[in-house]
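# Tertiary structure, described
The residues making up each chain are set out below.
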Amino acid sequence: MSVTPLSTNQDLDPQRLREAFGIFPSGVVAVAAEVDGRLVGLAASSFTSVSLEPPLVSFSIANTSMTWPDLRRAGHLGVTVLADHHGSVCRQLAGPVEERFAGVAATVTEEGAATLDEGLVRYDTSIYREVEAGDHTIVLLQVHAVERLGETGDGSPLVFHRSGFGRLEASA
């Protein structure tokens, strides 16, 4: 076995890091709530399960987000796992604030969590903890309810990979 050192900090410029991080595919979720009588939400590609006891999930948000300060004021947050046909919905959720929910069917709970009607899974959550991490904040969410959508829960998630959307291919 030969020993070759990894490249040095010359590879740590933001563009090269973004490209390197983008090689690892991730699912995409919508995080949304009703705040002050209007739907507020965003798309996140950093969603992951964290703990079964207590039930926790997480996502990361850029510290420069203009949406998070409003969204984090909600008592509950809805998280919807987007399906592979939701590429345009994801782009819409990342677009102009006033157009994010135009034509998108959503359900709001009594606690204010908003979820998309056509996702794969819907979670009703609340903020458990926020952890500052460089130029992002890791948001830990406690899960209060979960629902698989569709009759069988079948469907493929929207996958974000190399700055584009894709889908999972069934294994042979």
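Above this note sits the structure.
A brief structural summary. (Residues numbered from 1 in each chain as written. Predicted model: local features only at pLDDT ≥ 70, side-chain atom pairs only at ≥ 80, totals over all residues. Heavy atoms only, no water.)

Before going further, it helps to spend a moment on the pairing of strand β4 (residues 48–51). For β4 and strand β5 (residues 56–62), the ladder comprises three bridges, and the chain directions are antiparallel. Note on β5: the bridge partner recorded for Ser-51 is Leu-56. In this antiparallel pair of consecutive strands, β4 and β5, the connection spans four residues. (Pairing = 2+ DSSP bridges. Helix = DSSP H or I, 4+ residues; strand = E, 2+ residues; numbered from the N terminus.)

Moving on to the sheet that holds β4. Backbone-to-backbone hydrogen bonds join strands into a sheet, with any given pair of strands oriented parallel or antiparallel. The strand order across the open sheet formed by seven strands is β3-β2-β6-β9-β10-β5-β4, and the pairing between neighbours is antiparallel. Unpaired on one side and paired on the other, β3 (38–44) and β4 mark the two borders of the sheet. Taking the axes of each pair of neighbouring strands and ignoring which way they run, one obtains an average angle of 40° across the sheet. Strand direction decides the pairing type here: strand β9 (residues 121–133) and strand β10 (residues 136–148), joined by twelve bridges, are antiparallel. Each residue of the ladder has a partner; that of Glu-132, found in β10, is Thr-137. (Axes fitted to C-alpha atoms, helices over the stretch in contact; angles between N-to-C directions.)

Time to look at the packing of aromatic side chains. Using the criterion set out here, one finds two aromatic pairs in the structure. Consider the rings of Phe-47 and Tyr-123, whose centres lie 5.7 Å apart with planes at 50°: the pair is tilted. A residue pair is termed long-range when its members are at least 10 positions apart, and Phe-47 in the loop between β3 and β4 and Tyr-123 in strand β9 qualify at 76 residues. Given a relative accessible area of 22%, Phe-47 falls into the partly exposed group. For the ring pair Phe-59 and Trp-68, a centre distance of 5.7 Å and an interplane angle of 85° mean the geometry is edge-to-face. Owing to a relative accessible area of 1%, Phe-59 belongs among the buried residues under this scheme. Taking relative accessible area as the criterion, Trp-68 reaches 7% and is therefore assigned buried. (Phe/Tyr/Trp six-rings, centres within 6.5 Å; stacked < 30°, edge-to-face > 60°. Buried < 20%, exposed > 50% of the residue type's maximum accessible area, 1.4 Å probe, protein only.)

As a rule of thumb, soluble globular proteins bury nonpolar side chains together. Ranked by internal contacts, the top residues of the largest apolar core, which has 23 residues, are Val-31, Leu-42, Phe-59, Trp-68, Leu-71, Leu-77 and Leu-141. Contributions of two or more residues to this core are made by β2 (29–35), β3, β5, α2 (68–71), β6 (77–81), β9 and β10. The contacts of Phe-59, once residues within four sequence positions are left out, are Val-31, Leu-42, Ala-44, Ser-46, Phe-47, Trp-68, Thr-137, Ile-138, Val-139 and Leu-141. Within the second largest apolar cluster, twelve residues are counted, among which are Ala-30, Ala-32, Val-89 and Ala-114. (Core = buried A, V, L, I, M, F, W, Y, C linked by side-chain atoms within 4.5 Å. Contact = heavy atoms within 4.5 Å.)

Moving on to the pattern of salt bridges. Close approach of charged atoms lets side chains of opposite charge pair. Scanning the entire structure with this criterion turns up six salt bridges. Between Arg-73 and Asp-36 there is a salt bridge, with the nearest N and O atoms lying 2.7 Å from each other. Here Arg-73 is found in the loop between α2 and β6, whereas its partner Asp-36 is found in the loop between β2 and β3, with 37 residues between them in sequence. Relative accessible area serves as the criterion here: at 65%, Asp-36 is assigned to the exposed category. Linked by salt bridges that have partners in common, Asp-36, Arg-38, Asp-70 and Arg-73 make up one network. (Salt bridge = Lys/Arg side-chain N within 4 Å of Asp/Glu carboxyl O.)

Everything listed here is a matter of geometry and, on its own, says nothing about what the molecule does.
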